[in-house]
Amino acid sequence: MNTKIIKYSPLFLAAVFFLNSCNSKKEEPVKAEIEPKVETFLLAKEKLTTELRLPAELTGFQQVDLYAKVSSFVKTLKVDIGSKVKKGQLLIVLEAPEISSQLAAAESRLKSMEAIYATSKSTYNRLYETSKVEGTISKNDLEMASGKKNSDYAQYQAAIAAHKEISIMRGYLEIRAPFDGVVAARNVNLGTFVGPQGKGSDLPLLTIQEQSKLRLAVSVPELYTGYLHPGDEMSFNVKSLPETFTAKITRMSGALDLKLRSERVEMDVHNTKGNLLPGMVAEVLLPLNAKDSTFVVPKSAVVNSAEGLYVVKVVNHKATRVDIKKGREIEDKIEIFGDLTPNDKLVKIASEETKEGDVINE
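The written sequence of each chain sets the order in which its residues are numbered from 1. Predicted model: local features are reported for residues with pLDDT of at least 70 only, side-chain atom pairs are reported and counted for 80 or more only, and whole-chain, interface and lining totals are derived from all residues. Only hydrogens and water are set aside; all other atoms, that is, all heavy atoms of the structure, feed into the side-chain values.

The chain has the name RND family efflux transporter, MFP subunit in an unreviewed UniProt entry, where Flavobacterium anhuiense is given as its organism. Quoted verbatim from the Sequence similarities (unreviewed entry) heading of the UniProt record, the comment on the chain is "Belongs to the membrane fusion protein (MFP) (TC 8.A.1) family." UniProt positions are given in the numbering used here, feature names are shortened, and annotations may be inferred rather than shown by experiment.

(A) Representation of the overall build of the chain in the model. Numbering of helices and strands runs from the N terminus, with a helix taken as a DSSP run of H or I at least four residues long and a strand as a DSSP run of E at least two residues long. A tally of regular secondary structure across the chain gives three helices and 22 strands. Throughout this description, buried means an accessible area under 20% of the type-specific maximum (1.4 Å probe, protein chains only), exposed means over 50%, and partly exposed covers the range between. Looking at the chain as a whole, 32% of its 362 residues qualify as buried. Of the accessible surface of the chain, which amounts to about 23700 Å², a share of 53% is contributed by carbon and sulfur atoms. Per-residue accessibility takes into account occlusion by the displayed protein chains alone, with areas from the Shrake-Rupley method and a 1.4 Å probe.

(B) Just the pattern of salt bridges, in detail. What counts as a salt bridge is simple: a side-chain nitrogen of Lys or Arg found within 4 Å of a carboxyl oxygen of Asp or Glu. All told, the structure shown has 16 salt bridges when counted by the stated rule. Between R53 and E283 there is a salt bridge; the shortest N-O distance is 3.4 Å. A residue pair is termed long-range when its members are at least 10 positions apart, and R53 in strand β3 (residues 49-60) and E283 in strand β16 (residues 281-289) qualify at 230 residues.

(C) Structural context of the nonpolar core. The biggest cluster of nonpolar side chains holds 27 residues, and the ones touching the most others in it are L216, F236 and L276. Listing elements by their share of this core, those giving two or more residues are β3, β12 (213-221), β13 (233-238), β14 (245-256), β15 (262-270) and β16. Residues belong to a common nonpolar core when they are buried Ala, Val, Leu, Ile, Met, Phe, Trp, Tyr or Cys residues joined through side-chain atoms within 4.5 Å. If you look at the next biggest cluster of nonpolar residues, it comprises 21 residues, including I92, L94, I99 and I208.

(D) Inspection of the sheet that holds strand β11 (residues 206-209) at higher detail. Spatially, four strands are ordered β4-β11-β9-β6 in an open sheet, and the strand pairing comes out antiparallel. A strand with exactly one partner marks an edge of an open sheet, and here the two such strands are β4 (63-66) and β6 (84-85). Bridging between β6 and strand β9 (residues 181-186) involves two bridges; their strand directions are antiparallel. What sits directly across from V85, in β9, is G181. Should DSSP find at least two bridges between two strands, the strands are regarded as paired.

(E) Quick peek at the pairing of strand β17 (residues 294-298). With four of five residues buried, β17 lies mostly within the body of the structure. Strand direction decides the pairing type here: strand β2 (residues 45-46) and β17, joined by two bridges, are antiparallel. What sits directly across from E46, in β17, is T294. Strand direction decides the pairing type here: β17 and strand β21 (residues 333-338), joined by four bridges, are antiparallel.

(F) Summary view of helix α2 (residues 97-130). Taking 1.5 Å per residue, 34 residues should reach 50 Å; α2 reaches 50 Å between its end C-alpha atoms and fits that length. Those residues of α2 not exposed but buried are I99, L103, A106, L110, M113, Y117, S120 and Y124. On the buried face of α2, the contacting elements are α3 (139-171). To estimate the expected span of a helix, count its residues, drop one, and scale the result by 1.5 Å. By definition, residues are in contact when any of their heavy atoms lie within 4.5 Å.

(G) Main features of the sheet that holds strand β8 (residues 174-176). Read from one edge of the open sheet, four strands run β8-β7-β5-β10, paired in antiparallel fashion. Lying at the two open borders of the sheet, with one neighbouring strand each, are β8 and β10 (193-194). Pairing of strand β5 (residues 72-77) with β10, which is carried by two bridges, proceeds in the antiparallel orientation. Its bridge partner being in β10, S72 is matched across the sheet by V194.

(H) The side chain of S262, seen in detail. Its place among the elements puts S262 in strand β15. The exposure class of S262 is buried, given its relative accessible area of 7%. With residues near it in sequence (within four places) discarded, S262 still touches S219, V220, P221, E222, A255, L256 and D257.

(I) Fine view of the pairing of β13. Only one face of β13 is covered, namely the face carrying M234, F236 and V238; the face carrying E233, S235 and N237 is uncovered. Of the strand pairs in this sheet, β13 and β14 are connected by four bridges, and their pairing is antiparallel. Opposite S235, over in β14, you have T246 as the bridge partner. A loop of six residues connects β13 with β14, the two strands running antiparallel in sequence. Sheet topology places β13 next to β16; four bridges connect them, and they run antiparallel. Along β16, the bridge assignment pairs N237 with E283.

(J) Summary view of the packing of aromatic side chains. Only the six-membered ring of Trp is used, alongside the rings of Phe and Tyr, when aromatic pairs are assigned; centres must lie within 6.5 Å, and planes under 30 degrees apart are stacked while those over 60 apart are edge-to-face, with the rest tilted. The final tally for this structure, using the stated rule, is five aromatic pairs. Ring centres of Y117 and Y156 lie 5.8 Å apart, and the angle between their planes is 5 degrees; on these two criteria the pair is classed as stacked. Here the residue Y117 occupies a position in helix α2, and Y156 occupies one in helix α3, the gap between them amounting to 39 residues. Take Y117 and Y156: they sit in the same class, and that class is buried. Three or more aromatic residues joined by ring pairs form one cluster here, namely Y117, Y153 and Y156. Here, over-ring charges are defined by two tests on the NZ atom of lysine or the CZ atom of arginine: distance to the ring centre within 6 Å, and angle to the ring normal within 35 degrees. Note that K45 overlies the ring of F295, its terminal NZ or CZ placed 5.3 Å from the centroid.

(K) Quick look at unusual backbone geometry. In this model, R261 sits at a positive phi of 55 degrees, which is unusual for a non-glycine residue. Counting through the fold element by element, R261 comes out in the loop between β14 and β15. Phi is positive for H317, which is not a glycine, with a value near 65 degrees. When you line up the elements, H317 lands in the loop between β19 (308-315) and β20 (318-330).

This is how it looks when you write it as structure tokens:
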């Protein structure tokens, strides 16, 4: 029996292999595309406590620039910069010879008018007593004496007022401290011409500051003004000193600065050691404690796009955009305000790619 041996060429074998592989691919089932799961969370309220660092400035609790009321020359200078002064203490004596002459003239006129008034008053009193006897003094003479007395009295009062005015002007030649403090600046020397006008009024004679008690003033941005209240305690430090100081909010302006859109907040600092100086720049650490609980979400849940600021809320497995306003931020959390309620379901990692009405696979 003859056996036939069939030989296949390499090209034929390659074609058979290709056909088999194509058939096997057609038999594989088509896998359906699976939507990726989206992580969500339930919205809840909590109290967010943050701190705000702002620059502030220390100033004297009271500060005044002293000027000369009358044109004069510096006669005596009793203090210098750094001098500690008490209320009412004599600081500078000024000299104005014309005021001394005016005062002497006013005193002479006052004494003259006093004597004239005393004479006319005495004359009227004698005539009045005499007129009680009928027919001795005419009624016209009595009225003339009364008018002269009243006229002299008015002149006498005018002389008193003029003398008092010159005396007050003379008192302006003595510059006294209006409160306890320290002389922070001196701009005059002996013999310097000073006055209310002209070159003598360019600079103050002295500047007095109260340094035992200081004001710490800070401008708080509009966004954070609602978290601060009088009596809140805060801490601050200055570059030149290593220690940390504390103070309480004493005054709030209650209005925003039109340029900075911020509210001025002041704290009283008792400078018992005297190591704090007016003019120092401080860094204030303000605690921002909310009175009520607010909605706090991860920063990744907030989308900031050209269409606005919003979060993605899941309602019946569909995406809904909710416009919000943001508040304070701390680490990876942010405070939000909007048309939201507790236990709303929000997308944790939201993006602009999620459109209104998209199906959310949780």
